[in-house]
Amino acid sequence: MSIQFHPDRLFPADTAVRDIARRLHKAVEDLPILSPHGHVDAAMLADDTPFPDPTALLISPDHYVTRLLHANRIPLDHLRVGGTTTVTPQAAWRTLCDNWHLFDGTASGYWLTHELVTVFGITDTPNAANAADIYAAIADVIATPQFRPRALMETFNIEVLATTDDPLDPLDAHVTLARDPRFTPRVIPTFRPDVYTKFWNPIFPELAARLIAEAGDNHTGYDGYLTAIANRRSYFREHGAVSSDHGTHSPATLHLDHDEAARLFDKGINRTATREEALAFEAHMLYQQALMSLDDNLVMTLHPGVHRNTHTATLETYGPDTGHDIPFAVDYATNLGPLLNAVGTHPDFRLVLFTIDETTYSREIAPLAGFFPSVYIGAPWWFLDAPDAMTRFRAATTETAGFSKSAGFIDDTRAFCSIPARHDAARRTDAAYLARLVAEHRITENRAHEIIVDLVDAAPRRAFTL
Amino acid sequence: MSIQFHPDRLFPADTAVRDIARRLHKAVEDLPILSPHGHVDAAMLADDTPFPDPTALLISPDHYVTRLLHANRIPLDHLRVGGTTTVTPQAAWRTLCDNWHLFDGTASGYWLTHELVTVFGITDTPNAANAADIYAAIADVIATPQFRPRALMETFNIEVLATTDDPLDPLDAHVTLARDPRFTPRVIPTFRPDVYTKFWNPIFPELAARLIAEAGDNHTGYDGYLTAIANRRSYFREHGAVSSDHGTHSPATLHLDHDEAARLFDKGINRTATREEALAFEAHMLYQQALMSLDDNLVMTLHPGVHRNTHTATLETYGPDTGHDIPFAVDYATNLGPLLNAVGTHPDFRLVLFTIDETTYSREIAPLAGFFPSVYIGAPWWFLDAPDAMTRFRAATTETAGFSKSAGFIDDTRAFCSIPARHDAARRTDAAYLARLVAEHRITENRAHEIIVDLVDAAPRRAFTL
Amino acid sequence: MSIQFHPDRLFPADTAVRDIARRLHKAVEDLPILSPHGHVDAAMLADDTPFPDPTALLISPDHYVTRLLHANRIPLDHLRVGGTTTVTPQAAWRTLCDNWHLFDGTASGYWLTHELVTVFGITDTPNAANAADIYAAIADVIATPQFRPRALMETFNIEVLATTDDPLDPLDAHVTLARDPRFTPRVIPTFRPDVYTKFWNPIFPELAARLIAEAGDNHTGYDGYLTAIANRRSYFREHGAVSSDHGTHSPATLHLDHDEAARLFDKGINRTATREEALAFEAHMLYQQALMSLDDNLVMTLHPGVHRNTHTATLETYGPDTGHDIPFAVDYATNLGPLLNAVGTHPDFRLVLFTIDETTYSREIAPLAGFFPSVYIGAPWWFLDAPDAMTRFRAATTETAGFSKSAGFIDDTRAFCSIPARHDAARRTDAAYLARLVAEHRITENRAHEIIVDLVDAAPRRAFTL
C-alpha cells in the first residue's frame, strides 16, 4: 500500500532498541481501552444512530484537523465547520485529501492514517484524484451495521468510555446504556461545571438561576448554588461518574469565607464583578469542589491554561471549539498551594493535573505528584498528545516521580474513530521510551513489561478509581 | 586535516538514519541561499570594498564570538570590539586561536570552522602556534578579487539577501545594486522602525522630529508621525523590501484610539511618559503597522523578549550589540490577542514569529500558526540557531503545525562569511530530523525529500512573499 | 546478580556511540570527587561516629526517597522521618524494599542501587521477602571500622567536601578535621545566611539580634548586622570556606541606599515589614554580599525558585526538608540586572547560578554565562540531578556557552553514601553526551577526552576557587 502505516511505526530506529520496543508493545497492544476522559456524545451511543457522511465523521467536528487546514488558508466553511453547508460533504472531503501533505509529521495526520487503514481499509495516500473513491469507500463502511457506534465500541475494545457532561444533564443516555444487558462497555458521565463557575460567561446568571432552581433544594443565592452543585455531583456519582473535570482559567485555588463568597456570587449574578473577582470566585469554587469530593469521591481533573475562543469573528461564525484556543504559561506550584495544604494528603482526595505548558512537567507537576499522595500526573493532551511530545513528557516526569503516579493515557477526543489510534500511539510511545531505558540498563526488560502493562491498565484504574 | 570538518557532520550516529539524512541533505545542499532577514551592510556590497583584515572580518563585529571570549576573561578591547585599537589585529587573532577550544560544542565554533575550511582553505585547528600563519593565509585570500563582497555573494550562491535598515535610510546602496545588470542577487532592504517607537530611547524626540520633518507630508505631531511611518514603509516597499522587522520589548499589541495615542506620543516627545505608557505606545504602534501592512503588504516579523545592552559599562565603552543582550520569558498567547483578533485571518496580513524563549514553541507559536493563516513560524535564531536547539524546535512545532507554516531559515547575521555555514547547518539539522521521522515510519522518504526542498526553497518564498 | 547494575548503564544504546562513551568515562571514572556544595554534617566526620542503622542511614533523612514513598500513600512516620519512632527501623526498611519498584526510572532508584551494590555488596533486587536479609547485611557492613565516616571519605576518594553551615557556627568540626594530619580530604564550610535575611522567618528578630550580639563589633541595628555578616564571612573564609550559598526566594537583586535598607531592617526586626519589603531586603542583602565577596572572595552560589515547606501539616509534624518543597518559574535575566551591572565584570566576583526551572538554561543562564566572566553555570540539581535531565542541561547550555563556564558537578546531598553514585552518574551522562557530539562529528574524540576531564576536575576548581 502507498499509505504510510508500518508495523514498527513510532519505534526507535536503532534495531536493538526497536526489538525491545516491539516486545513491550506486544504486551499491551490488545489490552482493552480505558478512556476516562473524552468528549464523545453519549446520546450517539444510546441511540446507536449510524454515522453520517465521512466529512461529518472525520473532518467538520475535529478542530485538530480543521485548524491546520484553516492555517493554510482554507476557510472553515469549506470544511463544513459549525454546521455550515457552503460546500458539499464531498467537496470538503476532497479539500482534505488535496491537502493531505499538510498533516505530515503531525499527530492528526498520524491518527487519520491509522483510522483510514485500520477502520476503513484505505491503502492509498489520499489526494485530489482518489478523494471521491475514498469518500465512497468510507461511506460504504459507515452504512454497515458493524459500523454503528455501539458495534464500534466493541470492535475498538473500549472497556470504559467517559463522556463530559453539563451538570444539569439528566444523563438519560447513560441510563439507557447502563440498562442494556447486551452492551457491556461502561459509558460513564463526567461532571463538568465550568460554565457555572465563570462570571465572564455571558449567560452565567441564567445558568446559575437554572442550576439553583433545579437542584438547590429550595435554597436561594449562593447557598442554593452550593447545594445544587453538591446535589448534581452526587447525581453524577450515582450514575457512574468517577470524576469532575475543571477547565479553569488558571490553577488558582482560594478559600473564601462564606460571606465573601456569597458577596462575589451576587456580583456575578448582577454582572458587576470585576475580572479579579471573577477569577477569585472560580478559584474558590475549585477549592469548594475539592472539599465536596471528600464526600462524593469524584476524582478532580484540572486542565487550566488556555485562552478560549481567541478569534471573535470565528467564534461568532462557527462557534466554540473551532481551533483558536491558545495555551499560555501556568503556575501550579503557587496556585495549588491553598488546595493542597487543605486536602493534599487526604486519603479520599484525588487530583489529576493536566498541562499544555510543558515547562511544568519537571518543575511543578512531577515534584507535586512526587510528594502529595492525592496528585496524579495527567497524560499529555491536546497540543502535546503526539509522539515526540509524549516522549518529552515521560523523560521530564519519570526521573522525579517514577511511573506509579501516572494517571494513564486519556484521549480527550470528540473524534470517536480516532480513539484506537490515539491509545495505540501512546502505547507505542511508552514502549519506545521504556525500550530506551532498558537499552541504557536503567530498568530490566521484565520490569519494563510490568510497567507498560501498569501504565495502560492499572494506572488509569488507580487514578480514576475505575 | 586536523580541523574537525567531516562530510557527515551533524548527521545522526545511527548508520541507517545517517544514510537517510545524507540523501536528504544531498537534495538541498546546492540550492540557492534565501536570506530574508539579516544584518549585512548593503553599502559594503554596493561599494564592493575589499574586506579589511581577518580580525575585522571574523572577530570584532561578531558578538557571538567576542561574548564567549569575554566570558572567559578576555577584555573586549583585546578583540578590537567597538572600534578599539588597544591591540593589533594580529594580536586579537592570536587570542582567538589560543582560545579556540572554548568554542567546542558551540554554534559559533561550528560556523567558524566551516568558514575557515570552505572559504579560506584552512585545514589545521587554530592554536597560538599557527595563529600567525592562519592570519596570513586569510589575509591573502581577502586580498584577491574573488573575495570582494559581490563576488562572494555569487560564490556563496545567495539569491536573496535582506538587510535591516533605518526607516530614513535613503537606500542608495540598494538602488545601486538593483541597477547593476551584472549583479544578479537581490539585495533587499527591511524596514526596522524600533528606535522610532521606543520612548525610552534617549534620542526618541529628536528621531521622531526628524522622521516627521522628512516624511510627514507637513503634518505635525502624532499625525505627522503616523504619516511618515506609512510613507517610509511605502518607500521601502518600492525599493524591494518585503518585510518590516520589529524588535519590540514584549509582543504586546494594543489598539489605542487616536486621541489617546496622540496624547502618549506627546508625552514621549516631552519625555514625560511612564514606563507603562512607553510600552503601551510601542504595543499600539505594532498594531498600527499591522494595519499599514494591509496596504503595503510588508510581512511583519517580530522578535521580542530581549533585555538589550544589560551591562551599562560595556555599552558605554564598546557600544550596542556587544554581547550583553539577555533574553527573558515572553507571552505571545495573551499579548498578540488584540492584533490577531483584528487581522489574524486577513488574507493580506503575514506575521512571522521569532522567539528565543523555547517554551513558546509548543505552547504558543505552533498553536497560533496552526490556526491563523497569517502566522508563520520563524526559525530558531540567536541563542537557538544551533543544531540541538534547531532539532528541539522542529520536534516542538511540527506535531502541532506540520511543516507548511515554517518560514524557512533566516541567518540574522552580520557575519557575512558565516551565511553559507549557517544555512548548511540548518539544512543538515532538518535532514537529520526528517531522517528520524522516516526511520520511525512517520513519513516516507519521498515525502521527506519534498519537505526538505520546501523548507529550504518554497517556505521562505511563501512566508516572505519573495 | 538480579539487581540492575550494568557496567554500561546510562550509556547510549547505539554501539558505536556507546564505545566512545565507555572510553570517555574510563578517563574520569577514577578521578577524585570534588564536592563543593552539599549537606553532609561536618560533626559526623569530626567525631567519626559509626553510622546508625540502615534506615537512619539510607531512608529517614533522605527526602528524595521518602517523598516518593509518601506520594504512594506511605505515611512519613512509617519511614521514621523527622525523628518519629512509630515503627522499627526494620519495619521502615521493609517498607522501602516492598516498594522498591516505585523507584524504577528515578534518580533516587539509580543512586540507591549504586549504593547497595558498590558499598554494601547487595546483589538482589530488594523486595519484602529479602528485606530482613538486606537489612542485616547492611547493618553488618556499617558496624565495621572501614565504614566509619572518615574511612568512607577515603574509600569514596573524596578530595574536597563542602558542608553548608549557619553563619554563627563556630566551625569546630572543621577545625578538628583540618588539624588532623592523618585525615587528608579537605572538609570546608559554606556560609549560608538565608535564615538571617528572610523577614518571614518567624525567628528573624531573634536570629538577627544574636548575629549582631556575637559578631557586630558593638555596632547595633542595621550597621551591626552588616558588620556581623561581613565578619562571619571572613571567619568562614579563614576556616577554609570558598563560597557563600544563597537560597533566596527569587534571584532579585537590589541596591538600596543605606538609610532605606536600615529602615527596612528595623521593620523586619519589629515584624512590621510587608511581603514586598521583605523581598526587597532579601534582594538588597544578596547585592550587599556580592559586594562583600569582592573583599573576602567567597564565590556566590544562588539557587532560588522554590516554595519551601508547602504543606504546613507535614512541616509541623516532621519538620523542614521533608519533601514538600515545590519549584516555580524564575527570571534571572531581569532580576540579576542590578547585581551584574555592578560587579558582573569584576575580576574578583564569581557567581554560580543553579536552577530547577529548566526553561532558564537556554534562555537566560547560558546567555548570562556566555558574556559575564563572573557567571558560572551550576550543575542541574535537586529534581534535575538525573540522567535525562542532565543531558537536557548540556544540550541547552553548551551550544551558547560551551563547556568552559560549567561549574562542574555538585551533589548537594545529605545522603553521604550516595555521593559516589551521584558523581558517577554525572560523569556517565557527560560521557554519553560528549560521545554523541563525537559521533556527529561536532568535536573530536581527543577533545572530548580533554573536555570531560576538565568538567570533572578543573571546572569545579576554577568556578569554586578550590
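Worth saying up front: this structure is predicted, and the values here are computed from it rather than measured. Numbering of residues starts from 1 in every chain and runs along the sequence as written. Chains and ligands are labelled sequentially in the order written, the chains with letters from A and the ligands with numbers from 1. Whole-chain, interface and lining totals are the exception, using all residues; otherwise, since this is a predicted model, local features are given only for residues with pLDDT of at least 70 and side-chain atom pairs are given and counted only at 80 or more. Excluding hydrogens and water, the side-chain figures rest on all heavy atoms present in the structure.

Novice: Before we move on, can you summarise the interface of chain C and chain B with the specific residues and values?
Specialist: Contacts are assigned to residue pairs that have any heavy atoms within 4.5 Å of one another. Counting residues at the interface gives 44 residues for chain C, matched by 46 residues for chain B. A simple way to read buried area is as the amount of 1.4 Å-probe accessible surface that goes missing from two parts once joined, with both sides added. Counting the surface lost from both chain C and chain B, the interface buries some 3600 Å², and carbon and sulfur atoms represent 52% of this. The closest approach of N and O atoms between C:Arg436 and B:Asp388, which form a salt bridge, is 2.7 Å. Polar contacts, as counted here, are pairs of nitrogen or oxygen atoms within 3.5 Å of one another; within protein the pair requires one atom able to donate a hydrogen and one able to accept it, and residues that are adjacent in sequence qualify only if both atoms are side-chain atoms. Our count for the contact surface shared by chain C and chain B stands at 28 residue pairs in polar contact (both at pLDDT 80 or more). Residue assignment for the side of chain C that touches chain B shows that the elements contributing at least two residues are helix 15 (332-335), helix 16 (337-343), helix 17 (360-369), helix 18 (387-401), helix 19 (419-439) and helix 20 (445-464) of chain C. Taken together, the residues of the side of chain C that touches chain B break down into 21 nonpolar, 13 polar and ten charged. By definition, a salt bridge exists where a carboxyl oxygen of Asp or Glu is found within 4 Å of a side-chain nitrogen of Lys or Arg. Labels follow the DSSP assignment, with helices taken as runs of H or I lasting at least four residues and strands as runs of E lasting at least two, numbered in each case from the N terminus. Three residue categories are used. Nonpolar comprises Ala, Val, Leu, Ile, Met, Phe, Trp, Tyr, Cys and Pro, charged comprises Asp, Glu, Lys and Arg, and polar comprises the others, including Gly.

Novice: Help me get a handle on the domain arrangement of chain A, residues and values and all.
Specialist: Residues and elements named next belong to chain A. Structurally, chain A comprises domain 1 (51-145) and domain 2 (149-463). For the purposes of this description, domain bounds are those given by an automatic or database domain assignment. Between domain 1 and domain 2, the C-alpha centre-to-centre distance is 29 Å. With 21 residues of domain 1 at the interface, the matching set in domain 2 holds 26 residues. Taken over both partners, the interface formed by domain 1 and domain 2 buries close to 2000 Å², and the fraction arising from carbon and sulfur atoms is 66%. For the pair domain 1 and domain 2, the number of links is two residue pairs in polar contact (both at pLDDT 80 or more). Only helix 3 (54-58), helix 4 (63-71) and helix 6 (107-118) provide two or more residues apiece to the side of domain 1 that touches domain 2. No other element matches the five residues that helix 6 contributes to the side of domain 1 that touches domain 2. Counted by class, the side of domain 1 that touches domain 2 contains 13 nonpolar, four polar and four charged residues.

Novice: Tell me about the pairing of strand 5 (residues 299-302) of chain A, residues and numbers included.
Specialist: On a regular strand, each side chain points to the face opposite its neighbour's, so the side chains alternate between the two faces of the sheet. Residue and element names in this part refer to chain A. To sort residues, take the accessible area from a 1.4 Å probe on protein chains only and compare it with the maximum for the residue type: under 20% means buried, over 50% means exposed, and anything in between is partly exposed. Going residue by residue along strand 5, you find Val299 and Thr301 tucked away on one face and Met300 and Leu302 tucked away on the opposite face as well. Bridge analysis of strand 4 (residues 243-246) against strand 5 gives four bridges, and the strand direction is parallel. Paired with His246 across the strands is Leu302, a residue of strand 5. When DSSP locates at least two bridges between a pair of strands, those strands are taken to pair. In the sheet, strand 5 pairs with strand 8 (residues 351-353) via three bridges, with the strands oriented parallel. Residue pairing in the sheet places Met300 in a bridge with Leu351 of strand 8.

Novice: How would you sum up the relation of the copies chain A and chain B? Please name residues and give values.
Specialist: The copies are overlaid by a least-squares fit using only the C-alpha atoms of residues whose pLDDT is at least 70 in both copies. Of the transformation placing chain A onto chain B, the axial shift is 0.0 Å and the rotation is 120°, giving an RMSD of 0.0 Å. Considering both components of the superposition, the chain copies are consistent with a three-fold axis.

Novice: I'd like to hear about the relation of the copies chain C and chain B, residue by residue, with values.
Specialist: Taken together, a rotation about one axis and a shift along it account for how the two chain copies relate. Rotating chain C by 120° and moving it 0.0 Å along the rotation axis overlays it on chain B with an RMSD of 0.0 Å. Different-surface contact between copies: only 5% of interface residues of chain C are shared with the interface of chain B.

Novice: How would you explain the packing of helix 11 (residues 221-238) of chain B against helix 13 (residues 275-296) of chain B if you had to name every residue and give the values?
Specialist: Residue and element names in this part refer to chain B. Only the stretch in contact is used when fitting a helix axis, every axis being a line fitted to C-alpha atoms; angles between N-to-C directions are given from 0 to 180 degrees. Two elements in contact, helix 11 and helix 13, have axes whose closest approach is 11 Å; the angle formed by their N-to-C orientations is 45°. By the angle between their directions, the pair helix 11 and helix 13 is classed as oblique. Here helix 11 runs over helix 13; the crossing is right-handed. Of the residues in helix 13, those touching helix 11 at Tyr222, Tyr225, Leu226, Ile229, Ala230, Arg233 and Arg237 are Phe281, His284, Met285, Gln288, Gln289, Met292, Ser293 and Asp296. Oblique is the label for any angle not under 35 degrees, not over 145, and not in the 65 to 115 range, which are roughly parallel, roughly antiparallel and roughly perpendicular in turn. For any pair of crossing helices, the crossing counts as left-handed if the nearer helix is rotated counterclockwise from the farther one by less than a right angle, and right-handed if it is rotated clockwise.

Novice: Got a sec to walk through helix 6 (residues 107-118) of chain C? Specific residues and values, please.
Specialist: Given the number of residues in a helix, its expected span is that number minus one, multiplied by 1.5 Å. Given a rise of 1.5 Å per residue, twelve residues ought to cover 16 Å, and the 16 Å separating the end C-alpha atoms of helix 6 of chain C matches this to within 8%. Taken together, the buried positions of helix 6 of chain C are occupied by C:Ala107, C:Ser108, C:Gly109, C:Tyr110, C:Trp111, C:Leu112, C:Thr113, C:His114, C:Glu115, C:Leu116 and C:Val117. On its buried side, helix 6 of chain C packs onto helix 18 (387-401) of chain A together with helix 3 (54-58), helix 4 (63-71), helix 5 (89-98), helix 7 (131-142) and helix 19 of chain C.

Novice: Lay out the state of the cysteines with the relevant residues and their values.
Specialist: All names here are of chain C. Any two cysteine sulfur atoms lying within 2.5 Å of each other are counted as a disulfide. Per the stated rule, a full pass over the model turns up zero disulfides over all chains. There is no disulfide at Cys97, and the cysteine sulfur nearest it, in Cys417, is 15 Å away. With a relative accessible area of 3%, Cys417 lands in the buried category.

Novice: Pulling in residues and values, what's your account of the pattern of salt bridges?
Specialist: Within this structure, the stated rule accounts for 93 salt bridges over all chains. For B:Arg422, the salt bridge goes to B:Asp385, with nearest N and O atoms at 3.5 Å. One end of the pair, B:Arg422, is in helix 19 (residues 419-439); the other, B:Asp385, is in the loop between strand 9 (375-377) and helix 18 (387-401), and 37 residues separate them in sequence. The same class applies to B:Arg422 and to B:Asp385, which are both buried. Several salt bridges share partner residues, and in doing so they unite A:Asp388, B:Glu399, B:Arg436, B:Glu440 and B:Arg442 into one network.

Novice: Requested: an account of the interface of chain A and chain B, with residues and values cited.
Specialist: If you look at the interface, chain A gives 46 residues, while chain B gives 44 residues. For the pair chain A and chain B, the summed buried surface comes to about 3500 Å²; carbon and sulfur atoms form 52% of the total. Where chain A touches chain B, the interface holds four salt bridges. For the salt bridge of A:Asp388 with B:Arg442, the shortest nitrogen-to-oxygen distance reads 2.9 Å. Our count for the chain A to chain B interface comes out at 27 residue pairs in polar contact (both at pLDDT 80 or more). Mapped onto the side of chain A that touches chain B, the elements with two or more residues apiece are helix 4, helix 14 (312-318), strand 7 (326-327) and helix 18 of chain A. A breakdown of the residues in the side of chain A that touches chain B according to their chemical character gives 19 nonpolar, 16 polar and eleven charged.

Novice: Provide a residue-level description of the packing of helix 18 of chain A against helix 18 of chain C, including the pertinent values.
Specialist: With their axes 8 Å apart at the nearest point, helix 18 of chain A and helix 18 of chain C run at an angle of 130° to one another. By the angle between their axes, helix 18 of chain A is oblique relative to helix 18 of chain C. Mapping the contact onto sequence places A:Ala395, A:Ala396 and A:Glu399 in helix 18 of chain A and C:Pro387, C:Asp388, C:Ala389 and C:Arg392 in helix 18 of chain C. Of the residues contributing to the contact of helix 18 of chain A with helix 18 of chain C, the split by class is four nonpolar, no polar and three charged.

Novice: Lay out the packing of aromatic side chains with the relevant residues and their values.
Specialist: All names here are of chain B. Planes of paired rings set the category: under 30 degrees apart is stacked, over 60 is edge-to-face and the rest tilted, where pairs are Phe, Tyr or Trp rings (Trp by its six-membered ring) whose centres lie within 6.5 Å. Applying the stated criterion across every chain yields a total of 66 aromatic pairs over all chains. On the numbers, 5.4 Å between centres and 70° between planes, the contact of Tyr64 with Trp111 is edge-to-face. With Tyr64 in helix 4 (residues 63-71) and Trp111 in helix 6 (residues 107-118), this residue pair connects regions lying 47 residues apart in the sequence. The class of Tyr64 is buried, set by a relative accessible area of 13%. By relative accessible area, Trp111 is classed as buried at 4%. When the ring of Phe199 is compared with that of Phe281, the centres are 4.7 Å apart and the planes differ by 20°; the resulting orientation is stacked. Residue Phe199 is found in the loop between strand 3 (186-188) and helix 10 (204-215), and its partner Phe281 is found in helix 13; the two are separated by 82 residues along the sequence. There is no split in this pair, since Phe199 and Phe281 are both buried.

Novice: Break down helix 7 (residues 131-142) of chain B for me, with residues and values.
Specialist: Residue and element names in this part refer to chain B. With twelve residues, helix 7 ought to run about 16 Å at 1.5 Å a step, and its terminal C-alpha atoms sit 16 Å apart, in line with that. If you check which residues of helix 7 are buried, you get Ala131, Ile134, Tyr135, Ile138 and Ile142. With its buried residues spanning 100° around the axis, helix 7 presents them on a single face. Along helix 7, the residues that are exposed and aim more than 90 degrees away from the buried face are Ala132, Asp133 and Asp140. Here, the arc refers to the directions that run from the helix axis to the C-beta atoms.

Novice: Give me the nonpolar core: which residues, what numbers.
Specialist: Nine residue types can take part in a nonpolar core, namely buried Ala, Val, Leu, Ile, Met, Phe, Trp, Tyr and Cys, and a core is a set of them joined through side-chain atoms within 4.5 Å. In this structure, A:Phe416, B:Phe416 and C:Phe416 are the most contacted members of the largest nonpolar core, which totals 336 residues. Apart from residues lying up to four places away in sequence, B:Phe416 is in contact with B:Val40, B:Met44, B:Leu45, B:Phe51, B:Pro149, B:Leu152, B:Met153, B:Phe156, B:Ile158 and B:Leu161.

Novice: Residue-level account of unusual backbone geometry, with values.
Specialist: Backbone geometry places A:Arg80, a non-glycine residue, at a positive phi of 60°. With respect to the helices and strands, A:Arg80 occurs in the loop between helix 4 and helix 5 (89-98). Within the chain, C:Asn309 stands out as a residue other than glycine whose phi angle is a positive 50°.

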